[in-house]
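Reading the structure
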Amino acid sequence: MPFPPKLRDKIQEIADDHETRLSALIPVLREVQNEFGWLSTESMEEVAEALDIPASSVQNVASFYTMFFTEPVGTHVMWLCRTLSCALRGAEGLEHHLCKRLGVKTGETTADGRITFLEAECLASCGTAPAMLVDDTLYENLNESEVDKIVDEIRKKG
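None of these values were measured; they are calculated from a predicted model.

Turning next to helix H6 (residues 91-102). Taking 1.5 Å per residue as the helical rise, H6 with its 12 residues ought to reach 16 Å, and the 16 Å between its terminal C-alpha atoms agrees with that figure. Regarding H6, the residues found buried are Ala91, Leu94, Glu95, His97, Leu98, Cys99 and Leu102. At its buried positions, H6 is contacted by strand E1 (76-81), helix H5 (84-88), strand E2 (115-120), strand E3 (132-134) and helix H7 (144-157). Trailing H6 by a residue or two, Gly103 shows a phi angle of about 75 degrees, which is positive.

Following this line, the structure appears as structure tokens:
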């Protein structure tokens, strides 16, 4: 399925703002993922065509960075930081609590398709650990009660 004209225009705008087509790849992939929620094989092929770069280059970048999803994810994505600072301040307990609360294992999506729960290598918030990124919002100094409020808020949104 071809990209909508508005997305094609945005891709062209991004490409025009970069020195090379390859240097525009990551911002273009972010734009496509924002549009569709993930990067299908077809969408990566269309990006390759739009930027006039090899499809293998697009697939390599998309599969290398954890911020890109090459499989469908939930409407909301929760990243719990598991690095040393967060681990020392209770991230493991929060992970168990979230898995139980959401009814999933880390890396899975809830049955209703609304929340995907993932581990993050680092959210650069060591001084305010434990931290979690939900979509584009960073939550810090978390405990089970705060995590429950976040989950409730997401479920209210739809």
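Moving on: the pattern of salt bridges. On inspection of all chains with the given rule, the structure shows eight salt bridges. Between Glu119 and Arg82 there is a salt bridge; the shortest N-O distance is 3.3 Å. Taken as a pair, Glu119 in strand E2 and Arg82 in the loop between E1 and H5 lie far apart in primary sequence, 37 residues in all. The network of salt bridges with shared partners includes Arg82, Glu95 and Glu119.

Our focus in this paragraph is the sheet that holds E2. Read from one edge of the open sheet, four strands run E2-E1-E3-E4, paired in mixed fashion. One side of each edge strand has no neighbouring strand; the edge strands of this open sheet are E2 and strand E4 (137-139). Strand-to-strand twist of the sheet, defined as the mean angle between neighbouring strand axes without regard to direction, takes the value 20 degrees. Strand direction decides the pairing type here: E3 and E4, joined by three bridges, are antiparallel.

What follows covers the environment of Thr128. Among the secondary structure elements, Thr128 is positioned in the loop between E2 and E3. Spatially, the C-alpha atoms of Thr128 and Tyr139 are 9.0 Å apart, while their sequence positions differ by 11 residues. In contact with Thr128, other than residues within four places in its own chain, are Arg89, Glu140 and Asn141. A polar contact of 2.4 Å, which involves the side chain of Thr128, links it to the side chain of Ser125. Side-chain polar atoms of Thr128 contact the side chain of Glu140, separated by 2.7 Å.

Rules and cut-offs
- Residues numbered from 1 in each chain as written.
- Predicted model: local features only at pLDDT ≥ 70, side-chain atom pairs only at ≥ 80, totals over all residues.
- Heavy atoms only, no water.
- Helix = DSSP H or I, 4+ residues; strand = E, 2+ residues; numbered from the N terminus.
- Expected span 1.5 Å × (residues − 1).
- Buried < 20%, exposed > 50% of the residue type's maximum accessible area, 1.4 Å probe, protein only.
- Contact = heavy atoms within 4.5 Å.
- Salt bridge = Lys/Arg side-chain N within 4 Å of Asp/Glu carboxyl O.
- Pairing = 2+ DSSP bridges.
- Axes fitted to C-alpha atoms, helices over the stretch in contact; angles between N-to-C directions.
- Polar contact = N/O pair within 3.5 Å; in protein donor to acceptor, adjacent residues only side chain to side chain.

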